[in-house]
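# Coordinates in review
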Amino acid sequence: MMKTIKRISALCMIGLVLLYLGSCDDDSTLFTVSDPNAPVLADLGITQIELDAANTGNPAIALNWSESDYGQPTAVSYDVQFSMDEAFTAPVTATSVTGRNNITLSIGEVNSAAGNAGLNPFEWATLYTRVVASLGTQQSEAINSNTLQFEVFPFFNYIFNDYYLVGNGTAPGWDNNANNPPLFRDAGNANLYYYTGFFTKGGGDFNDGRFKVLEFRGLWQPQWGVTDNEGEDEIKTDGDIAGNPATQDGDPGRFGVPSDGYYEFTINFSTKKYTMTPFDASGATMFSGMSIQGSSVATTAMTQLTFDGHIWYAAGIRLTPGEVSFLTDTGATWGAATGFSGVATNGGSAIPVVVEDDYDVWFNTLTGRYILIPLNL
């Protein structure tokens, strides 16, 4: 009799569980949102802001906007964006807030946003701002507010990163503070860098012809290399990059070349990819002299890199606001219209210098690429 009761009880329990699970399925609901209304930015009440470098923590602008309604009781996130053009071709997000519809930005924050958006320092220019509403960490159902604009006078904001070669395949060897040549930054993409020049395989064994990329001369970290561990870092023509401490705690593997020769090395810190391809330098002119000249500096002779005669530099040279160009021993003048980095051409525009400082200036006659690195900003 007891065995029968236990059997009936077990069957009843199974039935109750199935009934409960079925009722849970029947009561399930789908989370839906209605078409949101766009946030509306209130007028600023100002038309010009002159940013003061001595008081960067002081408030610059207060933004207020109406909240977006998604038809659900959920917190809405708002990105405060700036741009140098009304189309927001390359928007810069200055800050993000959730569950509120106002923000006050400091002078320093607005100055950084203006610099990141591409505005030149010490010049009046139009800066555009808007708010973008969205839901969740995936920024779903994003919708833009109206756009406001005002004139801004930024102070100088050096927004770029600089990177340097180190390794036995390059000029300084494994010395992290030996006039290490910099990578040349792309003028239109601040995450993309190039180095075109001579690399050596040295003794020719597995560990020769190697190099890494440093963010600061004299410091081993941060450093960048390949995702493979040292000893397993086979030489490749392209692949993924890794960085200590950017992507991991340990040091990355090494880039490398299979033989002596000229190569073009590219590295993109946004996509985390690199390429290493042979470069034909057979028809390139090897100049015997190079100077930097212009309204920013008295004509000054540059130094030819012994390791690679196509690379020229002037270390710690004082430049004042104005312009510079490169003068070859043949009398040709090379320049371009972009500051800090770019590609100079024979007879091109003078290179603008927007702020006074001591600079390391590098010029590559193989490609025309140049970079002006301020040392104290």
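What counts and what doesn't
Residues numbered from 1 in each chain as written. Predicted model: local features only at pLDDT ≥ 70, side-chain atom pairs only at ≥ 80, totals over all residues. Heavy atoms only, no water. Domains from an automatic or database assignment. Helix = DSSP H or I, 4+ residues; strand = E, 2+ residues; numbered from the N terminus. Pairing = 2+ DSSP bridges. Core = buried A, V, L, I, M, F, W, Y, C linked by side-chain atoms within 4.5 Å. Buried < 20%, exposed > 50% of the residue type's maximum accessible area, 1.4 Å probe, protein only. Contact = heavy atoms within 4.5 Å.

### Notes on the domain arrangement of the chain
Where the parts come together, the accessible area they lose is often given as the size of the interface. Under the domain assignment used here, the chain contains domain 1 (40-153), domain 2 (163-278) and domain 3 (290-374). Its C-alpha centre places domain 1 at a distance of 36 Å from the equivalent point of domain 3.

### Thoughts on unusual backbone geometry
Cis geometry is found at the peptide bond from Gln 221 to Pro 222, where omega equals 0 degrees. Looking at the element boundaries, Pro 222 is found in the loop between β12 (210-214) and β13 (223-226). Between Asn 244 and the following residue, Pro 245, the backbone shows a cis peptide bond with an omega angle of 10 degrees. Note that Pro 245 resides in the loop between β14 (238-244) and β15 (255-256). A positive phi angle, near 55 degrees, is found at Phe 88, a position not held by glycine. By the element assignment, Phe 88 lies in the loop between β3 (77-83) and β4 (92-98). A positive phi angle, close to 70 degrees, is found at Phe 340, a residue other than glycine. Topologically, Phe 340 is positioned in the loop between β23 (333-335) and β24 (341-343).

### Examining the sheet that holds strand β28 (residues 369-374)
The strands making up a sheet associate through hydrogen bonds between their backbones, and the pairing can be parallel or antiparallel. Across the sheet, five strands lie side by side as β20-β21-β27-β28-β24; this open sheet has antiparallel pairing. In this open sheet, the two edge strands, each paired with only one partner strand, are β20 (303-304) and β24. Relative to strand β21 (residues 311-319), β20 is paired through two bridges, and the arrangement is antiparallel. Residue Gln 304 lies in a different strand from β21, and its bridge partner there is Trp 312.

### Regarding the nonpolar core
Judged by nonpolar contacts, the single largest core of 29 residues is most densely connected at Ile 61, Trp 65, Val 80, Phe 82 and Leu 127. A per-element tally of this core places helix α2 (residues 107-117) first, with five residues. Excluding anything up to four places from it in sequence, Val 80 contacts Leu 63, Trp 65, Val 92, Thr 93, Ala 94, Thr 95, Ile 103, Leu 105, Thr 129, Arg 130 and Val 131. With 27 residues, the next largest nonpolar core counts Tyr 195, Phe 269, Leu 305 and Ile 373 among its residues.

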